[in-house]
Each structure stands twice: as C-alpha cells, then as structure tokens.
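Residue strings, one per chain:
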Amino acid sequence: MNVLTRLDKLYFRLQAQHECLAWAFGAIDGKPGLVLELGLGHGRTYDHMRRHLPGREIFVFDREVDCIADCRPPPERLIVGEIGKTLAAQADRLARRIILAHADLGTYDRKRDDETASMLATRLPPLLVPGAIVISDLPLDFDDAEPLPLPDGAQEGRYFLYRRRECT
Ligand SMILES: C[S@@+](CC[C@H](N)C(=O)[O-])C[C@H]1O[C@@H](n2cnc3c(N)ncnc32)[C@H](O)[C@@H]1O
C-alpha cells in the first residue's frame, strides 16, 4: 500500500524533526548565540533542546501556554502572544543573535500555514547570525538562507533545514 496514513505522516515528521534537531545540536556546537523555539505546544521539543543544549539561552514563543508542567520555560524567556507580533516586538533585542531557530507552527490549514511561512521568512532573517541554522516543519522562502539536505534518517519533505548565508 503506497498511500501514507496520518499515523505514517506523523511518524515521519517526528522522525525528521528528531534527526534535524540532533544534527543542528552538532552544527552549532562551540558557536555563540541564542536559540529560538517557535511553538512551545506541549513543550516536548523545548524539553529536548534544553537538555541537549545546556547553558544555551532558549527563547520560547507561543500564543498560549499549554505545556506539560515540567516543560514550562522560565518566565524571562517565555514570550506569549501572536508570533508575528511578538517576534517584531523582540526584533531589536534579538537582532543578529540567534544561532538556532526551531519553528513547529504548522496546522492542517494550508492557507494559515502559507501565512505563517511568509511571516517567518520576513521576521526571522534579521535575527540570525551568519551561519545560523533554521529548522522548520513548514517550507520557508528565505532570501538569505540556503536549504540544506536533511540528515540521514530523515525523509526529505517531512521537515526543512536552512543555513543563513555567511556573507549577506
Ligand atoms: C505543533 S505545536 C508545537 C509542538 C511543540 N514543538 C512540542 O513538541 O510540544 C504548535 C504550537 O504553535 C503555536 N502557534 C502556531 N502558530 C502560532 C502563531 N502564529 N503565534 C503564536 N503561536 C502559534 C500553537 O499555539 C501551538 O502551541
């Protein structure tokens, strides 16, 4: 049977997410910079990132706080509101300081996802240091970032990986 079920798609998405995060932890090792988690959700990927990136400041964005109790970020690094607005409000503070951004904002609504991807393509690049890594569940149309192949163990198209160009 060639048709993927919803369970297949979720499985491949989480597998790709896990592999991309693992790859990115190595890619930013030893490089200074802050980390963004866009979409706290239940806090699973935030928990994963904070455990694998000890000592990194991770700024977490969501419109609501609905995470597992022990995955709640500290209040000084938890920014609640519509990400289009909160990222804009934090633009000066975070400008050119982000070495890794993970965005997990997709829905099952194509139009909303297109709007989210467009917002991220506008708001994220000014925050990234040259060479920064962006991992996203939605494809992003970045001017100043190159798409990267997914690491081994992740199927192309299930997650998306970008590196901000060094000299722009
Ligand atoms: C799929 S969940 C994230 C799951 C999370 N990575 C985890 O592992 O538990 C997506 C989250 O993004 C948030 N979100 C989506 N679009 C948003 C937006 N435009 N502004 C703020 N939050 C948004 C939703 O509220 C939701 O909590």
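Look above for the structure.
Residues numbered from 1 in each chain as written. Predicted model: local features only at pLDDT ≥ 70, side-chain atom pairs only at ≥ 80, totals over all residues. Heavy atoms only, no water.

Draft legend 1. Spatial organisation of the pairing of strand β7 (residues 160-164). Where strand β5 (residues 128-136) meets β7, 4 bridges bridge the pair, whose relative direction is antiparallel. Directly across from I135, in β7, lies its bridge partner L161. (Pairing = 2+ DSSP bridges. Helix = DSSP H or I, 4+ residues; strand = E, 2+ residues; numbered from the N terminus.)

Draft legend 2. Inspection of unusual backbone geometry at higher detail. For R96, which is not glycine, the phi torsion reads 55 degrees and is therefore positive. Tracing the backbone shows R96 in the loop between α4 (91-94) and β4 (98-103). On the accessibility criterion, R96 (41% relative accessible area) is partly exposed. (Buried < 20%, exposed > 50% of the residue type's maximum accessible area, 1.4 Å probe, protein only.)

Draft legend 3. The arrangement of the site of the ligand in detail. Near the ligand, the surroundings consist of 15 residues, among which T45, D62, R63, I83 and D104 are the closest. L40 places a polar main-chain atom, nitrogen or oxygen, 3.4 Å from an oxygen atom of the ligand. One of the backbone N or O atoms of R44 is found 3.1 Å from an oxygen atom in the ligand. Here the ligand has 600 Å² of accessible area as a free molecule, and 83% of this is covered by the chains. For the shell around the ligand, the class distribution of residues is 3 nonpolar, 6 polar and 6 charged. (Near = heavy atom within 4 Å. Polar contact = N/O pair within 3.5 Å; in protein donor to acceptor, adjacent residues only side chain to side chain. Areas by Shrake-Rupley, 256 points an atom, 1.4 Å probe, with all protein chains shown as cover. Nonpolar A, V, L, I, M, F, W, Y, C, P; charged D, E, K, R; others polar.)

Draft legend 4. Just the nonpolar core, in detail. With 51 residues, the main nonpolar core has L36, L38, F61, L100, L120, L124 and I135 as its most contacted residues. Apart from residues lying up to four places away in sequence, L124 is in contact with L36, L38, A101, V134 and F142. (Core = buried A, V, L, I, M, F, W, Y, C linked by side-chain atoms within 4.5 Å. Contact = heavy atoms within 4.5 Å.)

Draft legend 5. Main features of helix α5 (residues 110-123). Compared with the 20 Å implied by 1.5 Å per residue over 14 residues, the 20 Å span of α5 between its first and last C-alpha is a close match. Buried within α5 are the following residues: D113, T116, A117, M119, L120 and A121. Contacts from the buried residues of α5 go to β1 (34-38), α3 (83-89) and β4. Put simply, D109 is the residue that caps the front of α5, since its side-chain oxygen is 3.0 Å from the backbone nitrogen of K111. (Expected span 1.5 Å × (residues − 1).)

Draft legend 6. Looking closely at the sheet that holds β1. Pairing in this open sheet of 7 strands is mixed, and the strands run β3-β2-β1-β4-β5-β7-β6 from one edge to the other. Edge positions in the open sheet fall to β3 (78-80) and β6 (145-148), since each of these has one partner strand only. Shown here is a sheet whose adjacent strand axes are inclined to one another by a mean of 20 degrees, direction ignored. Here 3 bridges tie strand β2 (residues 58-62) to β3, and the two strands are oriented parallel to one another. Opposite V60, over in β3, you have L78 as the bridge partner. (Axes fitted to C-alpha atoms, helices over the stretch in contact; angles between N-to-C directions.)

Draft legend 7. Here's a closer look at helix α1 (residues 6-27). The terminal C-alpha atoms of α1 lie 31 Å apart, and with 22 residues this matches the ideal 32 Å at 1.5 Å per residue to within 8%. Buried positions along α1 lie against α2 (44-52), β4, β5 and β7.

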